[in-house]
Amino acid sequence: MEIYKVISALLEYPNQQLFDDLPDIKLLLDAMSDADVTEKAEMKRFVAWLESAEQTAIQADYVKTFDMTPEHSLHLTHHFFGDDNDRNRGPALIDLGELYKDYGLELTTNELPDYLPLMLEFAATMDPQEATVFLSDANKVLNVLSDNLSKAGSPYAPLVAIVAGRATMTRLAA
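Rules behind the numbers
Residues numbered from 1 in each chain as written. Predicted model: local features only at pLDDT ≥ 70, side-chain atom pairs only at ≥ 80, totals over all residues. Heavy atoms only, no water. Helix = DSSP H or I, 4+ residues; strand = E, 2+ residues; numbered from the N terminus. Rg over C-alpha atoms; globule rule 2.2 N^0.38 Å. Buried < 20%, exposed > 50% of the residue type's maximum accessible area, 1.4 Å probe, protein only. Contact = heavy atoms within 4.5 Å. Areas by Shrake-Rupley, 256 points an atom, 1.4 Å probe, with all protein chains shown as cover. Lys, Arg positive; Asp, Glu negative; His and termini not counted. Charge placed at Lys NZ, Arg CZ, Asp CG, Glu CD. Axes fitted to C-alpha atoms, helices over the stretch in contact; angles between N-to-C directions. Parallel < 35°, antiparallel > 145°, perpendicular 65-115°, else oblique. Left-handed = near helix turned anticlockwise from the far one by under 90°. Expected span 1.5 Å × (residues − 1). Phe/Tyr/Trp six-rings, centres within 6.5 Å; stacked < 30°, edge-to-face > 60°. Lys NZ or Arg CZ within 6 Å of the ring centre and 35° of its normal. Salt bridge = Lys/Arg side-chain N within 4 Å of Asp/Glu carboxyl O. Arc of directions from axis to C-beta. Nonpolar A, V, L, I, M, F, W, Y, C, P; charged D, E, K, R; others polar.

Novice: It is not clear to me how the overall build of the chain should be interpreted in this structure. Could you clarify?
Specialist: Looking only at helices and strands, the chain features 11 helices and zero strands. Each helix (α) and strand (β) of the chain, taken in turn from the N terminus, gives the series α-α-α-α-α-α-α-α-α-α-α. At 16 Å, the chain has a C-alpha radius of gyration in line with the 16 Å of a compact globule built from 174 residues. With respect to the principal axes defined by its C-alpha atoms, the chain has extents near 45 × 35 × 30 Å. Residues counted as buried form 44% of the 174 residues belonging to the chain. Restricting to contacts in the chain with at least 6 residues of sequence separation, those with at least 24 account for 64%. Entry remark: accessible area of the chain is about 9100 Å², with carbon and sulfur atoms responsible for 53%. Side chains of the chain carry 13 positive and 29 negative charges; the gap between the two charge centres is 6 Å.

Here it is in structure tokens:
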């Protein structure tokens with residue numbers, strides 16, 4: 001699913017490659033068939049924000065938002081278990097890593113398996129129903145993360161809100 005691939009890229013650290021890819025991302029958003037009008041508008045607004053600011057300012061904002069503020073962590077098990085409870089977090093990370101292996105996904109990153117952009121990359125390889133079921137396990141955390149980012153006025157909040165809105169089993173019933 002293209003939407004998860006695009007949101008994954010937009011939630012990664014904003015390095016030079018991301019800025020170089022913005023024209024292609026804009027074209028992809030225009031052609032995207034698996035996003036509704038509101039989702040596309042939010043992603044386009046985010047891309048416009050990336051284009052309107054200094055790269056170093058965006059990078060500093062990213063670090064402040066995701067690396068310096070625990071309640072904004074993109075490592076989703078952190079929200080379940082925190083950093084202090086590795087006894088429970090470890091098995092959850094192992095289980096998620098094993099799920100990736102079962103689907104044939106080779107982790108080529110140093111990120112933990114619960115890193116939201118990595119989870120979205122994985123969801124992008126699934127059919128829509130499978131992706132919804134996979135992400136629905138993290139729905140509560142995604143909603144909390146989205147709310148935390150919204151309260152902070154973060155431009156990343158709508159991206160997480162899109163994922164949270166799609167990560168619900170009621171979506172399958174519709």
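Novice: Quick question: what am I supposed to make of the packing of helix H9 (residues 139-151) against helix H10 (residues 157-166) here?
Specialist: The packing of two helices is summarised by the inter-axis angle and the distance between the axes. At a minimum axis distance of 8 Å, the contact between H9 and H10 shows a crossing angle of 160°. Judged on the interaxial angle alone, H10 and H9 are roughly antiparallel. Crossing handedness for the pair H9 and H10: left-handed. Across the interface between the two elements, Asn139, Leu142, Asn143, Leu145, Ser146, Leu149 and Ser150 from H9 touch Ala157, Val160, Ala161, Val163 and Ala164 from H10.

Novice: Honestly, H9 in this entry has me stumped. Any pointers?
Specialist: Along an α-helix, residues three or four apart share an orientation, since each turn contains 3.6 residues. Compared with an ideal rise of 1.5 Å per residue, which puts 13 residues at 18 Å, H9 spans 18 Å between its outermost C-alpha atoms and is within 8% of the ideal. Residues of H9 that are buried: Asn139, Val141, Leu142, Leu145, Ser146, Asn148 and Leu149. Backbone geometry just downstream of H9 places Gly153 in the positive-phi region, at approximately 70°.

Novice: Where do I start with the packing of aromatic side chains in this structure?
Specialist: The description of an aromatic ring pair uses the distance of the two centres, along with the angle that the planes make with each other. Under the criterion given, the structure shown has 10 aromatic pairs. Grouping aromatic residues by their ring pairs yields a cluster made of Tyr13, Phe46, Trp49, Tyr62, Phe66 and Tyr156. The ring of Tyr4 carries Arg166 above its face, with NZ or CZ at 5.8 Å from the centroid.

Novice: How should the pattern of salt bridges be read in this particular structure?
Specialist: Close approach of charged atoms allows side chains with opposite charge to pair. Using the criterion set out here, one finds six salt bridges in the structure. For the salt bridge of Asp30 with Lys44, the shortest nitrogen-to-oxygen distance reads 2.7 Å. Residue Asp30 is found in helix H2 (residues 16-31), and its partner Lys44 is found in helix H3 (residues 37-52); the two are separated by 14 residues along the sequence. Residue Lys101 pairs with Glu98 through a salt bridge whose shortest N-O separation is 3.8 Å. Of this pair, Lys101 and Glu98 both sit in helix H6 (residues 86-102), three residues apart, roughly one helical turn.

Novice: Any chance you could explain the side chain of Ser136 here in plain terms?
Specialist: Its location among the elements puts Ser136 in helix H8 (residues 128-136). Excluding residues within four positions of it along the chain, Ser136 makes contact with Ala167, Thr168 and Met169.

Novice: For this particular structure, what's the right way to read helix H4 (residues 55-67)?
Specialist: Compared with the 18 Å implied by 1.5 Å per residue over 13 residues, the 17 Å span of H4 between its first and last C-alpha is a close match. Of all the positions in H4, only Ile58, Gln59, Tyr62, Thr65 and Phe66 are classed as buried. Projection of H4 onto a plane perpendicular to its axis shows the buried side chains occupying an angular sector of 135°, all on one side. Opposite the buried face of H4, at more than 90 degrees from it, the exposed residues are Thr56 and Lys64.

Novice: Is there a simple way to think about the packing of helix H7 (residues 116-123) against H8 in this case?
Specialist: Closest axis-to-axis distance for the H7/H8 pair is 9 Å, and the angle between their directions is 155°. By the angle class used here, H7 and H8 are roughly antiparallel. Viewed along their axes, H7 and H8 form a crossing whose handedness is right-handed. Contact with H7, carried on its side by Met119, Leu120, Phe122 and Ala123, involves Ala131, Phe134 and Leu135 of H8 and no other residues of that element. The residue inventory of the contact of H7 with H8, partitioned by class, reads seven nonpolar, no polar and no charged.

That is the geometry; function is a separate question.
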